[in-house]
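Listed below, chain by chain, are the residues.
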Amino acid sequence: MGTELSADMFKDIGQSTLIQIALILISSTLIIIIVQQLIPRLSARTSGNIRYFLQSLIPMIRLGVIITAAVMILLRLIDPTFEKMVALFGGTAVALGFAFKDYISSLIGGIVTLFERPYRPGDWIEVNDSYGQVRAINMRNVEIVTPDDTLVYIPHLKLWSEPVHNANDSGAHLMTVTDFYLEPGHRAAEVRKLLYDVALTSVYTQLEKPILVIVLNKPWATHYRLKAYPVDHTQQFLFISDLTVRGQAALEKIGAKAAAQVMAATQPDGGAG
Amino acid sequence: MILRRWAEREGWKILEPPPLQALLATESDWLDTVMTADQYWLLPDLEHYFLRHIDGLQLVRKLLDQAFAGSLGRGIIACNSWAWAFLLHIRQGYTPVPCVLQSFDHERLARHFQNLHQQKSGHYVFRQSDDGSYLMPLSEEEKARRQEQGKTVEQSHFLQNLAAYSQGIPGVARALWRANLQFQPDQELDEAEPMRMTTRIRSVVVPWSKIRYARMPTAADSHYAFILHSLLLHGGLTLEGLHALELPLVSAKVVEMLMDLEQAEIICKTGQHWQVTPQAYPIVRDFLAAKNLLLDHF
């Protein structure tokens, strides 16, 4: 009986059915390729939220096309009666489920990402010590480009267990933190004002956003965290470099000495300020 | 310029900006040597009293602290809007609300251009070069006379567009106006309504859709934006002043960019100072806004 059910499940697949299936596969592939080529070009001509919205459409359109193509093919292969569908999917699901557990978890994670939007193309995120800008959200993973121009593929599966740090959340502003470690024997109030001016006088600084200097005492040094926003988040590293170079020069001028030895931070500074 | 002339007429002391070295000096008594509380004074260009440099803010901070506290006596401080937007960020404390000259709408611009040209000989009539519409308001008699002759009395919207594009800044509007004046109408208008030279000198202006704008160089990137922004913040800078800002550019690159911008008529050199040209001001402002740099509040 099971064999009869299996045999009856599928329609007679004639030549016309094969041609239809091939056409569905070809046209859905073409649609996906066109969308992946067209939308980035369109979004490059726009800016701000419109650009981010257009880029986020690509994975959604691709998912829709794949699901539609799969359903259309399935309808041509089997008679979609209730019993046949249950038998077909039940057996297949058990086998595939074990084999593709992580893959399916990543796929589901990708779908959840589209709706929950923990990150979007253009965001700067950090997952598992990998920090970079989201270039694309694929079915199974997210592509990020690190500051060293390395492409990192992070499975969506990581969403379930790893925290995702999003530095700009699709906004134009991204805070940078530039660290300075000074030996004791300097005037902290003077250094704090000086570092504030270092940020104020940088051409990269977004002056409409706040500049903060947080001071923390460590056993080995006084730790200054200069928090400021660059005008363009793609220039964040140039910004940090500019603040570091000019900050060090200004500190040397007032006789504040850099700490000889910097211990690795054992815990975050709690986001003070 | 307006304030200077007024102060000269009233006998006020007009302060001149300090040299570059005094701006960057850590301890400077320059302010004490020039300011006296016993005489009314005018400081016409606050944008020349600081540099966007770690050592370039002390003098202006001291000046503003003392001025707003009243310890410098009675005076007037004038500042360009870009420098003012920046200086608001360097002070923490009381800052008075500035007085601002009202921007020029199309009616003011019309009166301004009429006065400008009436200072020269003749009475100018300004018409648009394509359809002959009048740029300046016509008197009722003139309208009636032209209507009797079956001629157009249509009013052009050129001045409204000019007022909006120049943000009501008369210097910018004047530069654009002069750049787009011509003395011959377009061929179609000349054939339909020949403009004969009479005692009333006629002049034509290109329609707004054909106005000649300055254009940014195609290579203009954020580095160009840093230079232009610095020039606006400081009301013009010498090459020495630009180098003193410690921009993230090598000196040769700064010079190359200045040449590029000058060729595109975005900037010009007045004496030793590089400045944004008035007719390029609107596109420079838009360019800096696109780069997310600090804009003035006007």
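Along each chain, numbering runs from 1 in the same order as the chain's sequence is written. Think of it this way: whatever chain is written first is A, whatever ligand is written first is 1, and the rest follow in order. Residues qualify for local features only when their pLDDT is at least 70, as the model is predicted, and side-chain atom pairs are given and counted only at 80 or more; totals for whole chains, interfaces and linings, by contrast, use all residues. By convention in this description, side-chain values take in all heavy atoms of the structure and omit both hydrogens and water.

1. Looking at the overall build of chain A
Cut-off, in case you're wondering: Comment: elements are numbered from the N terminus, with helices defined as DSSP H or I runs of at least four residues and strands as E runs of at least two. Using a 1.4 Å probe on the protein chains alone, a residue whose accessible area is under 20% of its type maximum counts as buried, one over 50% counts as exposed, and one in between counts as partly exposed. Whether two residues are in contact is decided by their heavy atoms: any pair within 4.5 Å suffices.
Tallying secondary structure elements over chain A gives eight helices and eight strands in all. Split into buried and exposed, the 273 residues of chain A put 37% on the buried side. For chain A, the proportion of contacts with a sequence separation of at least 24, taken over those separated by at least 6, is 65%.

2. Observations concerning the sheet that holds strand 1 (residues 13–14) of chain B
Residue and element names in this part refer to chain B. Put simply, the rule is: We treat two strands as partners when DSSP finds at least two bridges between them.
Within the open sheet, the three strands sit side by side as 1-2-3. Their pairing is parallel. Bordering the open sheet on either side are strand 1 and strand 3 (75–77), each of which pairs with just one other strand. As paired elements, strand 1 and strand 2 (residues 41–43) share two bridges and run parallel to each other. Opposite I14, over in strand 2, you have L42 as the bridge partner.

3. Some words on the interface of chain A and chain B
Condition: What gets called buried area is simply the loss in accessible area from a 1.4 Å probe that two parts show on being joined, summed for both. Basic side-chain nitrogens of Lys or Arg form a salt bridge, by our definition, when they fall within 4 Å of a carboxyl oxygen of Asp or Glu.
Counting from both sides, the interface comprises 18 residues of chain A and, opposite them, 20 residues of chain B. Across the chain A/chain B interface, buried area totals approximately 1700 Å², and carbon plus sulfur atoms make up 55% of it. Counting the surface chain A buries against chain B, the share from its top three residues, T201, V203 and L207 of chain A, is 34%. Put simply, chain A and chain B have two salt bridges between them. One salt bridge in this structure joins D55 of chain B and K253 of chain A, with 2.6 Å as the shortest N-O distance.

4. Notes on a nonpolar patch on the surface
Residue and element names in this part refer to chain A. Counted only if it meets this: Grouping into patches uses exposed residues only, defined as over 30% relative accessible area, and leaves out salt-bridged ones; the cut-off is 9 Å for like charges and 5 Å for nonpolar side chains (Val, Leu, Ile, Met, Phe, Trp, Tyr). We get accessible surface area from the Shrake-Rupley algorithm with a probe of 1.4 Å; when it comes to residues, only the shown protein chains can shield them.
There is a patch of nonpolar side chains on the surface, built from I26, L30, I34, L38 and L42 and spanning about 480 Å² of accessible area. Positionally, L30 belongs in helix 2 (residues 15–44). Taking the relative accessible area as the measure of exposure, L30 reaches 48% and is therefore partly exposed.

5. Brief notes about the packing of aromatic side chains
The geometry of an aromatic ring pair comes down to the distance between the two centres and the angle between the two planes. Residue and element names in this part refer to chain B. Note the following rule: Between 30 and 60 degrees the pair is tilted, below 30 it is stacked and above 60 it is edge-to-face, where a pair is any two Phe, Tyr or Trp rings, Trp via its six-membered ring, whose centres lie within 6.5 Å.
For the structure on display, the rule yields 11 aromatic pairs over all chains. Between the aromatic rings of F50 and F86, the centroid separation amounts to 5.6 Å while the plane-to-plane angle is 20 degrees, which identifies the pairing as stacked. Of this pair, F50 sits in the loop between strand 2 and helix 4 (58–69) while F86 sits in helix 5 (residues 81–90); the two residues are 36 residues apart in sequence, bridging distant segments of the chain. Ring centres 6.3 Å apart and planes at 90 degrees place the aromatic pair W82 and Y281 in the edge-to-face group. Taken together, the residues span a long stretch of sequence, with W82 in helix 5 and Y281 in helix 14 (residues 281–290) at a distance of 199 residues.

6. Thoughts on the side chain of S105 of chain A
All names here are of chain A. Turning to its location among the elements, S105 is positioned in helix 5 (residues 101–116). Under the relative-accessibility criterion, S105 is labelled buried at 17%. Setting aside chain neighbours within four positions, we find S105 in contact with L157 and W160.

7. Comments concerning the packing of helix 5 of chain B against helix 11 (residues 222–233) of chain B
All names here are of chain B. Here is the rule: Only the stretch in contact is used when fitting a helix axis, every axis being a line fitted to C-alpha atoms; angles between N-to-C directions are given from 0 to 180 degrees. In what follows, roughly perpendicular refers to angles from 65 to 115 degrees, roughly parallel to angles under 35, roughly antiparallel to angles over 145, and oblique to any angle outside these ranges. Nonpolar residues are Ala, Val, Leu, Ile, Met, Phe, Trp, Tyr, Cys and Pro. Charged residues are Asp, Glu, Lys and Arg, and all others, Gly as well, are polar.
Taken N-terminus to C-terminus, the directions of helix 5 and helix 11 make an angle of 95 degrees; their axes are 7 Å apart at the nearest point. When the interaxial angle is binned, helix 5 and helix 11 end up roughly perpendicular. Contact residues: helix 5 offers W82, A83 and F86, while helix 11 offers H229, L232 and L233. When its residues are assigned to classes, the contact of helix 5 with helix 11 shows five nonpolar, one polar and no charged.

8. Observations concerning the pairing of strand 2 (residues 130–137) of chain A
Residues and elements named next belong to chain A. Judged from the four bridges that link them, strand 1 (residues 124–127) and strand 2 form a sheet pairing that is antiparallel. Within strand 2, the position partnered with W124 by the bridge is Q133. Counting the residues in the hairpin turn of strand 1 and strand 2 gives two residues, including N128, whose phi is positive at 55 degrees. By the bridge criterion, four bridges tie strand 2 to strand 3 (residues 141–145) in an arrangement that is antiparallel. Residue V134 lies in a different strand from strand 3, and its bridge partner there is I144.

9. Concerning the environment of E126 of chain A
Residues and elements named next belong to chain A. Counting through the fold element by element, E126 comes out in strand 1. A residue is classified by how much of its surface remains accessible, and E126, at 30% relative accessible area, is partly exposed. For E126 and H223, which are 97 residues apart along the polypeptide, the C-alpha to C-alpha distance reads 23 Å. If sequence neighbours within four positions are ignored, E126 has contacts with Y131, P163, V164 and H165.

10. A word on the sheet that holds strand 8 (residues 222–228) of chain A
Backbone hydrogen bonds hold the strands of a sheet together, and the pairing may be parallel or antiparallel. Residue and element names in this part refer to chain A. With antiparallel pairing, three strands are arranged side by side in an open sheet as 6-8-7. Either end of the sheet is taken by a strand with one partner, and the two such strands are strand 6 (176–182) and strand 7 (212–217). The mean inter-strand angle of the sheet, taken between neighbouring strand axes irrespective of direction, is 20 degrees. Across the sheet, helix 7 (residues 188–200) touches strand 6, strand 7 and strand 8, and the angle it forms with strand 8 is around 30 degrees.

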